There are 4 protein chains.
Amino acid sequence: MTDASLSRAERQKQQLRAEIIQAAFAEFSARGYHQTGIADIAKRLGIGHGTFYRYFENKRDILEHVINEVSRQIMETLAAENAPGAAGSLAEYREQCRRIGNRFVAVMAENPDMIRMVLFEATSVDAEMTNRIMLLQEFGARITAEYLAHGVKQGFLRADLDAEATSHAVIGLLLGGALRFLYKPDDVEGRERLVEATLRLLIDGVRKDG
Amino acid sequence: MTDASLSRAERQKQQLRAEIIQAAFAEFSARGYHQTGIADIAKRLGIGHGTFYRYFENKRDILEHVINEVSRQIMETLAAENAPGAAGSLAEYREQCRRIGNRFVAVMAENPDMIRMVLFEATSVDAEMTNRIMLLQEFGARITAEYLAHGVKQGFLRADLDAEATSHAVIGLLLGGALRFLYKPDDVEGRERLVEATLRLLIDGVRKDG
Amino acid sequence: MTDASLSRAERQKQQLRAEIIQAAFAEFSARGYHQTGIADIAKRLGIGHGTFYRYFENKRDILEHVINEVSRQIMETLAAENAPGAAGSLAEYREQCRRIGNRFVAVMAENPDMIRMVLFEATSVDAEMTNRIMLLQEFGARITAEYLAHGVKQGFLRADLDAEATSHAVIGLLLGGALRFLYKPDDVEGRERLVEATLRLLIDGVRKDG
Amino acid sequence: MTDASLSRAERQKQQLRAEIIQAAFAEFSARGYHQTGIADIAKRLGIGHGTFYRYFENKRDILEHVINEVSRQIMETLAAENAPGAAGSLAEYREQCRRIGNRFVAVMAENPDMIRMVLFEATSVDAEMTNRIMLLQEFGARITAEYLAHGVKQGFLRADLDAEATSHAVIGLLLGGALRFLYKPDDVEGRERLVEATLRLLIDGVRKDG
DNA sequence: TATGAATGAGTCTTCATTCAT
DNA sequence: GATGAATGAAGACTCATTCAT
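The model shown is predicted, which means the values in this text are computed figures rather than measured ones.

*Asks:* Before we go on, may I ask you to explain the interface of chain B and chain A in this structure?
*Replies:* Contacts between the two partners involve 43 residues from chain B and, on the opposite side, 43 residues from chain A. Across the contact surface, chain B and chain A share 10 salt bridges. Two residues, Glu164(B) and Arg193(A), come together in a salt bridge whose shortest N-O distance is 3.5 Å. For the pair chain B and chain A, the interface holds 12 residue pairs in polar contact (both at pLDDT 80 or more). Sorting the residues of the side of chain B that touches chain A by element identifies helix 6 (113–121), helix 7 (127–154), helix 8 (163–183) and helix 9 (188–206) of chain B as the ones contributing at least two each. By residue number, the principal contributor to the side of chain B that touches chain A is helix 8 of chain B, which donates 13 residues. A breakdown of the residues in the side of chain B that touches chain A according to their chemical character gives 17 nonpolar, 14 polar and 12 charged.

*Asks:* Just to check I follow, could you spell out the interface of chain C and chain D for this structure?
*Replies:* Many descriptions give the size of an interface as the accessible area lost when the pieces come together. Residue-level contacts link 43 residues of chain C with 44 residues of chain D. Roughly 3,800 Å² is buried in total at the junction of chain C and chain D, and carbon and sulfur atoms are behind 59% of that figure. The largest contributions to the chain C side of the interface with chain D come from Phe120(C), Tyr183(C) and Leu201(C), which together make up 16% of the buried area. Taken together, the connections running from chain C to chain D amount to 10 salt bridges.

*Asks:* Explain the protein's contact with DNA strand E here, please?
*Replies:* Gly48(B), Thr51(B), Arg54(B), Tyr55(B) and Thr51(C) are the nearest of the 30 residues found near DNA strand E. Sugar and phosphate atoms constitute 62% of the interface atoms of DNA strand E, taking the interface as everything within 4 Å of the protein. One nitrogen or oxygen atom from the main chain of Gly48(C) is found 3.3 Å from a phosphate oxygen belonging to DNA strand E. Within the side chain of Arg54(C), an N or O atom sits 3.1 Å from a phosphate oxygen of DNA strand E. The class makeup of the residues in the surface near DNA strand E is nine nonpolar, 16 polar and five charged.

*Asks:* Would you take a moment to explain the arrangement of the chains for this structure?
*Replies:* The two partners chain B and chain C share no contact, and the minimum distance between any of their C-alpha atoms is 14 Å. No part of chain A reaches chain D; the closest C-alpha pair between them is 14 Å apart.

*Asks:* Where do I start with the packing of helix 4 (residues 59–79) of chain D against helix 6 (residues 113–121) of chain D in this structure?
*Replies:* Two measures define how a pair of helices packs: the angle their axes make with one another and the distance between the axes. Residue and element names in this part refer to chain D. Packing of helix 4 against helix 6 leaves a shortest axis separation of 10 Å and a crossing angle of 125 degrees. With respect to helix 6, the axis of helix 4 lies oblique. Handedness of the helix 4/helix 6 crossing: left-handed. Residue-level inspection shows Leu63, Val66, Ile67, Val70, Gln73 and Ile74 of helix 4 in contact with helix 6, the latter providing Met114, Met117 and Val118. Here the residues of the contact of helix 4 with helix 6 sort into eight nonpolar, one polar and no charged.

*Asks:* Whenever I open this one, the pattern of salt bridges confuses me. Can you help?
*Replies:* A side chain of one charge can pair with a side chain of the opposite charge when the charged atoms of the two come close. Inspection of the entire model under this criterion finds 81 salt bridges over all chains. The closest approach of N and O atoms between Arg72(A) and Glu76(A), which form a salt bridge, is 2.9 Å. Remark: Glu76(A) and Arg72(A) occur in helix 4 (residues 59–79); sequence separation between them is four residues, near one turn of the helix. Close ionic contact of Asp40(B) with Arg31(B) constitutes a salt bridge, the shortest N to O distance being 3.8 Å. One continuous salt-bridge network, built from bridges that share partners, spans Arg60(A), Glu64(A), Asp126(A), Glu128(A) and Arg132(A).

*Asks:* Can you help me understand the domain arrangement of chain A in this one?
*Replies:* All names here are of chain A. Along its sequence, chain A is organised into domain 1 (1–56) and domain 2 (59–206). Inter-centroid distance (C-alpha atoms) of domain 1 to domain 2 is 28 Å. On the domain 2 side, the residues contacting the 14 residues of domain 1 number 17 residues. Carbon and sulfur atoms make up 71% of the area that domain 1 and domain 2 hide from each other, which totals about 1,500 Å². The interface formed by domain 1 and domain 2 holds zero salt bridges in total. The interface formed by domain 1 and domain 2 contains five residue pairs in polar contact (both at pLDDT 80 or more).

*Asks:* Help me out: how do you make sense of the relation of the copies chain C and chain D in this one?
*Replies:* For these two chain copies, the linking operation is a rotation about an axis paired with a shift along it. At an RMSD of 0.3 Å, chain C and chain D line up after a rotation of 179 degrees and a shift of 0.0 Å along the axis. In the structure described here, the two chain copies are related by an operation that fits a two-fold rotation axis. Nearest to the rotation axis, the C-alpha of Gly205(C) is located 2.0 Å from it, this being the minimum over chain C. A shared binding surface is used by both copies, with 100% of the interface residues of chain C retained as interface residues in chain D.

*Asks:* How do you make sense of the packing of aromatic side chains when you look at a structure like this?
*Replies:* Each aromatic ring pair is described using two quantities: the centre-to-centre distance and the angle formed by the ring planes. Enumeration according to the criterion identifies 16 aromatic pairs over all chains in this entry. Ring centres of Phe52(C) and Tyr53(C) lie 5.1 Å apart, and the angle between their planes is 80 degrees; this geometry places the pair in the edge-to-face category. Exposure remark for Tyr53(C): the relative accessible area of 45% places this residue in the partly exposed category. Plain terms: the ring middles of Tyr93(D) and Phe156(D) are 5.3 Å apart, the flat faces sit at 50 degrees to each other, and that makes the pair tilted. Linking Tyr93(D) in helix 5 (residues 90–110) with Phe156(D) in the loop between helix 7 (127–154) and helix 8 (163–183), this pair joins segments that are 63 residues apart in sequence.

*Asks:* Looking at this structure, how should I read the confidence of the model for chain A?
*Replies:* Low-confidence regions, as indicated by low pLDDT, have predicted coordinates that should not be scrutinised in detail. Mean pLDDT over chain A stands at 90; residues scoring 70 or higher make up 96%. Mean pLDDT per element in chain A: helix 5 (residues 90–110) of chain A is the minimum at 89, and helix 2 (residues 38–45) of chain A is the maximum at 97.

*Asks:* How should the packing of helix 8 (residues 163–183) of chain A against helix 9 of chain B be read in this particular structure?
*Replies:* Relative to each other, helix 8 of chain A and helix 9 of chain B sit at 65 degrees, their axes nearing to 8 Å. When the axes of helix 8 of chain A and helix 9 of chain B are compared, the crossing they make is right-handed. Contacts from Glu164(A), Ala165(A), Thr166(A), His168(A), Ala169(A) and Leu173(A) in helix 8 of chain A reach Arg193(B), Leu194(B), Ala197(B), Thr198(B) and Leu201(B) in helix 9 of chain B. Along the lines of polarity and charge, the residues of the contact of helix 8 of chain A with helix 9 of chain B split into six nonpolar, three polar and two charged.

*Asks:* What's the story with the protein's contact with DNA strand F in this structure? I'm lost.
*Replies:* Around DNA strand F, a shell composed of 31 residues is seen, among which Thr51(A), Gly48(D), Thr51(D), Arg54(D) and Tyr55(D) lie nearest. Sugar plus phosphate: this is where 64% of the atoms of DNA strand F within 4 Å of the protein reside. His49(D) has a polar side-chain atom sitting 3.1 Å from a base nitrogen of DNA strand F. Interatomic distance of 2.5 Å between a side-chain N/O atom of Tyr55(D) and a phosphate oxygen of DNA strand F. At the level of elements, helix 3 (49–55) of chain A, helix 3 (49–55) of chain B, helix 3 (49–55) of chain C together with helix 1 (8–31) and helix 3 (49–55) of chain D are the ones that each hand at least two residues to the surface near DNA strand F.

Parameters at a glance
Residues numbered from 1 in each chain as written. Chains lettered and ligands numbered in written order. Predicted model: local features only at pLDDT ≥ 70, side-chain atom pairs only at ≥ 80, totals over all residues. Heavy atoms only, no water. Contact = heavy atoms within 4.5 Å. Salt bridge = Lys/Arg side-chain N within 4 Å of Asp/Glu carboxyl O. Polar contact = N/O pair within 3.5 Å; in protein donor to acceptor, adjacent residues only side chain to side chain. Helix = DSSP H or I, 4+ residues; strand = E, 2+ residues; numbered from the N terminus. Nonpolar A, V, L, I, M, F, W, Y, C, P; charged D, E, K, R; others polar. Buried area = accessible area lost by both parts, 1.4 Å probe. Near = heavy atom within 4 Å. Axes fitted to C-alpha atoms, helices over the stretch in contact; angles between N-to-C directions. Parallel < 35°, antiparallel > 145°, perpendicular 65-115°, else oblique. Left-handed = near helix turned anticlockwise from the far one by under 90°. Domains from an automatic or database assignment. Least-squares fit on C-alpha atoms with pLDDT ≥ 70 in both. Phe/Tyr/Trp six-rings, centres within 6.5 Å; stacked < 30°, edge-to-face > 60°. Buried < 20%, exposed > 50% of the residue type's maximum accessible area, 1.4 Å probe, protein only. pLDDT = per-residue confidence, 0-100.

Here is the structure:
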């Protein structure tokens with residue numbers, strides 16, 4: 001994202017831009033989008049709040065960028081490292097799911113506010129923003145569907161599995177898990193049990209000869 | 001809720017009170033809590049906005065009542081008719097799940113804004129309100145856990161099932177399904193496929209000898 | 001004020017009217033005119049606040065009647081019993097002043113809110129009402145001037161006394177004393193010392209051969 | 001109060017702050033505290049009413065500052081120039097009283113609304129503010145008591161003078177005089193007669209061998 | 001006649017956004 | 001480019017007053 005060919009001033013600008021997004025994320029998460037003023041974001045960075053408007057159009061604009069950033073991280077989490085076609089057997093598939101699950105858990109544990117941001121704050125602004133969140137879900141579902149379809153083709157998931165419909169159910173599983181982070185952020189044991197239960201439910205629910 | 005022993009005036013008051021809650025629900029769902037003014041609610045009913053304050057303390061208060069009403073409906077939907085201990089076999093259990101699922105779908109289909117209200121709007125107001133929503137989830141999970149524990153005891157769900165942890169996963173399934181109603185309110189076919197896929201995932205994921 | 005020839009209903013009406021004035025006085029004194037609502041007055045009497053408007057035009061109107069009542073009491077206190085021409089010597093004059101002073105103190109001690117009402121509340125409403133309070137002062141000054149003029153004529157007050165101007169100064173003495181009741185309602189000893197000091201200042205300040 | 005070391009912007013800010021206090025004083029005096037809106041104050045200065053809130057917390061806050069300013073001026077008037085211990089004889093004492101009296105008259109004549117502000121408006125807001133006004137009186141009384149006590153010690157005021165109690169009576173004299181300014185702002189002759197009569201009453205009322 | 005439900009004018013206050021310095 | 005002073009639209013809430021029952 002940062003380019004070595006940029007001038008020093010240009011890089012500083014990019015840097016501040018990123019910091020504003022970070023600060024906005026922090027404030028929006030902590031107090032909520034509607035309860036946060038532009039001045040709060042600026043104050044957190046120690047800059048004048050007029051400066052904010054040199055980097056972003058308006059309050060809605062910064063939310064957009066915050067959500068973009070969070071979306072990017074979530075999508076990376078779900079998509080990275082594990083190609084849908086990597087698993088060749090149910091055991092490998094189970095391992096792949098566990099890896100993704102653990103990665104998802106790790107990211108959420110590190111920053112539980114990400115889920116609050118996309119599910120609670122972004123969805124209270126306007127239809128367009130809510131729609132973006134829905135598309136994010138859709139994206140997750142599509143990735144998931146590919147995994148499932150691959151498993152069916154490979155023969156270790158049951159042949160009559162409705163990959164597309166099931167993928168939405170799987171996204172629900174992820175959502176349910178994520179919400180537990182918000183309600184009980186410190187319940188590490190409960191979280192691990194939830195991961196296990198979810199994986200078991202998922203694998204047993206989709207595998208062949210289940 | 002309405003009492004035949006109440007005077008005519010008293011009944012009219014109860015009636016208007018209920019209508020204000022209805023109107024507030026409609027406005028909050030349509031434009032969002034933060035984008036809705038008390039005047040909007042009053043205008044929808046054709047009453048003066050001062051009248052609103054004869055029935056509710058303030059904006060936060062009406063939200064509370066709206067959420068109470070929605071919560072009540074959701075809890076009724078999940079809890080009514082089907083006792084956790086009613087199923088005696090996997091087949092009966094499957095039927096029970098399908099009945100609950102269909103009922104849930106029917107309620108959501110009739111009023112998809114209920115989920116928007118609890119998941120999107122209520123969660124953007126303050127910590128206390130968000131917590132209430134979390135408790136609603138918790139309630140759903142507890143009911144679900146009873147169903148699961150019963151199945152384990154009866155022997156048609158696998159003995160090593162972690163009923164409590166799994167119940168949270170099941171709530172996620174419900175949530176995921178509900179969100180589809182918001183994104184694609186008119187996709188009846190997709191909805192039916194999702195119900196089927198979710199039931200299949202759930203049953204196969206928990207049943208014995210899975 | 002109440003007339004035996006009035007019908008029973010009429011007398012009840014007069015009675016309630018008087019009670020409303022009493023209640024308004026109590027509320028205005030306790031919370032202040034601007035902080036008191038018509039509903040507060042009605043609630044104190046246990047009547048509907050619509051009823052209020054059957055007895056008084058509006059909020060301003062009830063204040064007018066409260067002030068009239070208080071004015072009447074104050075004027076009675078100052079004027080009653082002691083005719084300006086009653087004193088024939090300095091000693092008698094001193095006794096007369098002491099009697100009036102004690103009477104004034106007794107009335108204020110019984111109801112210190114009277115002074116608050118006329119000096120603090122009534123004067124914060126509008127020019128017309130403030131003017132009425134000023135006229136009340138004027139009335140007090142005129143009575144006082146008569147006492148003083150009489151003393152000059154009788155020869156026990158100094159011949160060059162400016163009765164009219166001095167009368168305003170004397171009203172100031174009364175005011176100053178009255179304010180002490182509000183600030184230190186329970187300082188009985190201080191009050192008695194103030195009465196003594198005021199009388200001494202007054203008598204020595206106006207007597208002949210001073 | 002203004003500091004030469006302040007930046008230009010800082011000085012302008014101080015300036016506007018002072019102007020807002022001035023404007024608030026003018027509006028509160030003219031229409032009354034309760035009848036004055038923040039918008040009225042802003043309009044008088046030709047500034048947006050949002051600007052007001054950059055300088056003062058709320059309506060109550062500006063009143064506090066107005067009263068502080070008026071209090072300061074009144075206390076300066078009463079306390080400045082004339083040390084309580086300056087007079088060495090009754091003649092000097094009389095001159096001192098006349099100087100203070102004239103100064104007081106001059107200040108009141110220039111701005112008769114000061115007395116309206118402290119006595120009428122401030123006392124109609126809440127108990128705390130009323131108490132501040134009482135303390136202002138108390139302050140005046142204490143200064144006065146020092147003058148009186150000094151006179152007693154010097155021997156030109158009578159030995160049995162109750163300086164403290166009498167001081168409250170003297171404050172009453174000042175109050176009574178001040179109220180005349182409000183009722184008859186243009187009666188210069190009456191005012192001079194009142195000053196004379198008050199001084200005479202005061203001096204004769206406290207001097208030795210009276 | 002008494003009531004209190006309904007009303008909306010009026011006011012405070014916040015905060016996103018602009019722009020002169 | 002950065003700043004923060006200024007702005008006013010917007011919105012929550014109160015309460016005196018009216019009037020149907």
